[in-house]
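# Descriptive analysis of the structure
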Amino acid sequence: MSEWRNWAGDQRCRPAAVSRPSTVAEVSALAAAAAASGGTLKAVGAGHSFTDIALTNGTQLKLDGISGLLSVDREAKLATLAGGTRLHEVPALLAPYGLAMENLGDIDRQSISGAISTGTHGTGLKFGGIATQVRALTLVTGTGEVLHCSAVENADVFAVARVGLGALGIITSVTLQCVDAFMLHAVEQPEPLVSVLESLPGRWGAGDHFEFYWFPHTQTALTKANTRLAPGSLPPGVGPLSTARHVVDDVLVSNKLFSTLCTVSGKVPAAIPAINRTAVKLTGNREFGDASHKVFATERTTRFREMEYAVPLEEVPAVLGGLEAMIERRGLQISFPVEVRCAAADNIALSTASGRESGYIAVHQHIKSNPFEYFRAAEEIFRAHGGRPHWGKWHFLQSKDFEGLYPDLEKFCKVRDVLDPKRVFSNAYLDRVLP
Ligand SMILES: Cc1cc2nc3c(=O)[nH]c(=O)nc-3n(C[C@H](O)[C@H](O)[C@H](O)COP(=O)(O)OP(=O)(O)OC[C@H]3O[C@@H](n4cnc5c(N)ncnc54)[C@H](O)[C@@H]3O)c2cc1C
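Let me begin by describing the structure that accompanies this report. (Residues numbered from 1 in each chain as written. Predicted model: local features only at pLDDT ≥ 70, side-chain atom pairs only at ≥ 80, totals over all residues. Heavy atoms only, no water.)

## Some thoughts on the overall build of the protein chain
For the protein chain, the count of helices and strands is twelve helices and 20 strands. Computed over the C-alpha atoms, the radius of gyration of the protein chain is 21 Å, within 12% of the 22 Å expected from 2.2 N^0.38 for a compact globule of 435 residues. Over its C-alpha atoms, taken along the principal directions, the protein chain stretches across nearly 60 × 50 × 40 Å. Within the span of the protein chain, comprising 435 residues, buried residues form 56% of the whole. In the protein chain, of all internal contacts separated by at least 6 residues, the share reaching a separation of at least 24 is 74%. Accessible area of the protein chain: about 17,100 Å², with a carbon and sulfur share of 54%. (Helix = DSSP H or I, 4+ residues; strand = E, 2+ residues; numbered from the N terminus. Rg over C-alpha atoms; globule rule 2.2 N^0.38 Å. Buried < 20%, exposed > 50% of the residue type's maximum accessible area, 1.4 Å probe, protein only. Contact = heavy atoms within 4.5 Å. Areas by Shrake-Rupley, 256 points an atom, 1.4 Å probe, with all protein chains shown as cover.)

Here you go:
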C-alpha cells in the first residue's frame, strides 16, 4: 500500500489496506471482520492532526463516501451530518435553513468527526469546543454494532464519546446544535503585550471571541476580537475584506511571509528577533466583517508543527512569562508567534476543557526547523501549570502522565472496554496515552 502522510507531512504510515465504505452497513461489516480476525481499523479524517493519533498499519477507513447533510430540525436548530463531512462543506449545507455552527477553530479543512475526536476548539469564554455542539452521535463499535447515543440514549457512552480519540468507534453521524446564521465584526490590532495581559480577565469575559498572538523576541501582541452580530447589522463602513486585502494579509503576510522568513531565518537564526519585529509591523490593524465561517477560518499555507496545552484560565499570564524566560535563557530563536485562546468549561470526559474554564496556549515551529528543544521545554512549563495537551497536537506524554489530569479518565476506559473489547481501533498513539 502507498504511504499516507498527515497535513504537516511528518506523520507517516503504510496501511495494510484502505477501505472507502459508502454505507454504515459496510462500516459495521468491516469492524466485525476486524474483530473476528484480530485486525485493526482506523478512520482518518482530513489528516490534520500533528500527532500520530490517526496512523495505522491495519486497515485505514476513509469516510468521504459517508458525507453530507442527513437531516435538519429547523425549529430545534439541530442538523445531523454524516461522519465524513468536512467542516468547510457545512456552511453551504446549513445556509438554506438559515443556520450556522456556533463556533469554529482557525481552519475548516477538518472532518466533523476528526475535529470532535481530538477536542478541536476555537476561542471565546462563552463557548465550548466543537464537541460541545454535539447533541447525538452514531458509532459503529469494535464489535460491529451500530450504536446511537445522546443525553437520553446510551448517556454513559455520550458522556465520553464526543471527544473519543478514535478509540470508541467509527463515527458515522453527528447531530449538532446549530444557531441562527450570524456575522462577525473583526477588529485586529497590535498592542503592548503587558497591557493585554493586565486586561485579560476583562477581555476574555467581555467580548465574544478574543484571542492574541505574541511574537517571541518582541513585547507586542496582535489581538483579535470578533463580535457576533445579526446578518445585515455590521457597523457602517465595515464589510468583507477585499480579495486583494485578504490575499495580501492572510496569504502573503501571515503565511507566505512567515514561510519566507522562516526559510531565511532557518539559515540565519540571529535575524529572527528583527524579523519578528518586522512581522508585527506588517500584520494586524484591520477591521472587517463577514459571515461567521469566513471570519473564524483562514487558510494555512505554511507547513508547521504545533504543540498546544489547555491550562486553567488564570494561569495564562504566568505561562507566557515562563515561555518568555525559557526562550531567553536557552537562547532559542523562535520565528512563529505563540497563539493564546480560551474556552468555557464543559462536562466531556477527555475534553481539554473538562470541568474548568481554559486558556489555550500554542507554540509552533516551521516544518523545516527542529522543534524538539522548544516543545519539550514549553511542555515542562505547561505541565507545571496543570496543562492538558491537545490530543491532535504535539506532546510527549504517556499514560502515567494523564493520571490525575482527567477525573473521568476511568469512565472513558470502562466504556472503551465495552465498546472495543478486542481493541479494533487501537494504534501506537492510543497504546501510549491510554492506560
Ligand atoms: C493548520 C491547522 C490548524 C489547526 N487549527 C486548530 C484550531 O484552531 N483548533 C484546534 O483545536 N485544533 C486545530 N488543529 C488541529 C485539528 O483540528 C485536529 O487535529 C483535528 O482532529 C483534525 O481533524 P481531521 O479531520 O484532520 O482528523 P484526523 O487528524 O484525520 O484524525 C484525528 C482523530 O480522529 C479520528 N477520526 C477521524 N474520523 C473519525 C471517525 N469518523 N470516527 C471515529 N474517529 C475518527 C482519527 O482516527 C484520529 O484519531 C489544526 C490543525 C492544523 C493542521
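## Some words on the pattern of salt bridges
A full pass over the atoms with the stated rule returns 23 salt bridges. One salt bridge in this structure joins Asp208 and Lys126, with 2.7 Å as the shortest N-O distance. In this pair, Asp208 is assigned in the loop between α5 (193-206) and β14 (209-214) and Lys126 in the loop between α3 (112-117) and β9 (134-140), connecting sequence segments 82 residues apart. For Asp208, a relative accessible area of 13% puts it in the buried group. (Salt bridge = Lys/Arg side-chain N within 4 Å of Asp/Glu carboxyl O.)

## Things to note about the packing of aromatic side chains
Applying the stated rule across the entire model yields 14 aromatic pairs. Aromatic side chains Phe210 and Phe212 sit 6.3 Å apart centroid to centroid with 40 degrees between the ring planes, which places their arrangement in the tilted category. The pair formed by Phe210 and Phe212 is uniform in burial state, with each residue classed as buried. Aromatic side chains Phe372 and Trp394 sit 5.2 Å apart centroid to centroid with 70 degrees between the ring planes, which places their arrangement in the edge-to-face category. Taken together, the residues Phe372 in helix α10 (residues 372-384) and Trp394 in the loop between β20 (388-389) and α11 (409-419) connect sequence positions 22 residues apart. A relative accessible area of 30% places Phe372 in the partly exposed class. Classification of Trp394 by relative accessible area gives buried; the value is 15%. The ring of Phe182 carries the charged tip of Arg228 above its face, separated from the ring centre by 3.9 Å. Over the ring of Phe396 we find Arg376; its NZ or CZ atom is 3.9 Å from the centre of that ring. (Phe/Tyr/Trp six-rings, centres within 6.5 Å; stacked < 30°, edge-to-face > 60°. Lys NZ or Arg CZ within 6 Å of the ring centre and 35° of its normal.)

## A word on the sheet that holds strand β7 (residues 78-82)
With respect to topology, five strands assemble into an open sheet ordered β6-β7-β11-β9-β10, the strand pairing being antiparallel. Every interior strand has two partners, whereas the edge strands, β6 (69-73) and β10 (146-150), have only one. Going from strand to strand, the sheet's axes swing by 15 degrees on average, the running direction of each strand aside. Where β6 and β7 come together, four bridges link them in antiparallel fashion. The partner of Asp73 across the bridge, within β7, is Leu78. Lying over the sheet, helix α1 (residues 24-37) contacts β9, β10 and β11 (170-177), oriented at roughly 55 degrees with respect to β9. (Pairing = 2+ DSSP bridges. Axes fitted to C-alpha atoms, helices over the stretch in contact; angles between N-to-C directions.)

## So, the nonpolar core
Phe212, Leu320, Leu323, Ile361 and Trp391 are the most contacted members of the largest nonpolar core, which totals 96 residues. Among all residues touching Leu320, those that are not within four sequence positions of it are Leu197, Phe212, Trp214, Val338, Val340 and Ile361. Formed by 13 residues, the second largest nonpolar core is a distinct cluster that contains Leu41, Ala82, Val140 and Ile170. (Core = buried A, V, L, I, M, F, W, Y, C linked by side-chain atoms within 4.5 Å.)

## Side note on the environment of Leu350
Take Leu350: it is sitting in the loop between β18 (338-343) and β19 (358-366). Residues Leu350 and Ile272 lie 78 residues apart in sequence; the distance between their C-alpha atoms is 37 Å. Residues contacting Leu350, with those up to four places away along its chain left out, are Val163, Leu165, Trp391, Tyr406, Leu409, Phe412 and Leu434.

## Side note on the sheet that holds strand β3 (residues 17-19)
Overall, parallel pairing links the three strands, which are arranged β3-β5-β4 in an open sheet. Every other strand in the sheet has two partners, leaving β3 and β4 (41-44) as the edge strands with one partner each. Averaged over all adjacent pairs, the angle separating strand axes in this sheet is 30 degrees, with direction ignored.

## A short note on the site of the ligand
Neighbouring the ligand are 36 residues; Ala43, His48, Ser49, Asp106 and Thr118 lie closest to it. The contact in question runs from an oxygen atom of the ligand to an N or O atom on the side chain of Gln110, over 2.8 Å. One nitrogen or oxygen atom from the side chain of Lys393 is found 3.5 Å from a nitrogen atom belonging to the ligand. In the complex, 99% of the free accessible area of the ligand, which totals 980 Å², lies under the protein chains. At the level of elements, β4, α3 and β11 are the ones that each hand at least two residues to the shell around the ligand. The biggest single contributor to the shell around the ligand is α3, with four residues. When its residues are assigned to classes, the shell around the ligand shows 14 nonpolar, 17 polar and five charged. (Near = heavy atom within 4 Å. Polar contact = N/O pair within 3.5 Å; in protein donor to acceptor, adjacent residues only side chain to side chain. Nonpolar A, V, L, I, M, F, W, Y, C, P; charged D, E, K, R; others polar.)

## Some remarks on α11
Those residues of α11 not exposed but buried are Leu409, Phe412, Cys413, Val415, Arg416 and Leu419. In a view along the axis of α11, the buried residues occupy a sector of 160 degrees, so they form one face of it. More than 90 degrees from the buried face of α11, the exposed residues found are Glu410, Lys411, Lys414 and Val418. In the core, the buried residues of α11 are packed alongside β9, β10, α4 (155-161) and α12 (428-433). (Arc of directions from axis to C-beta.)

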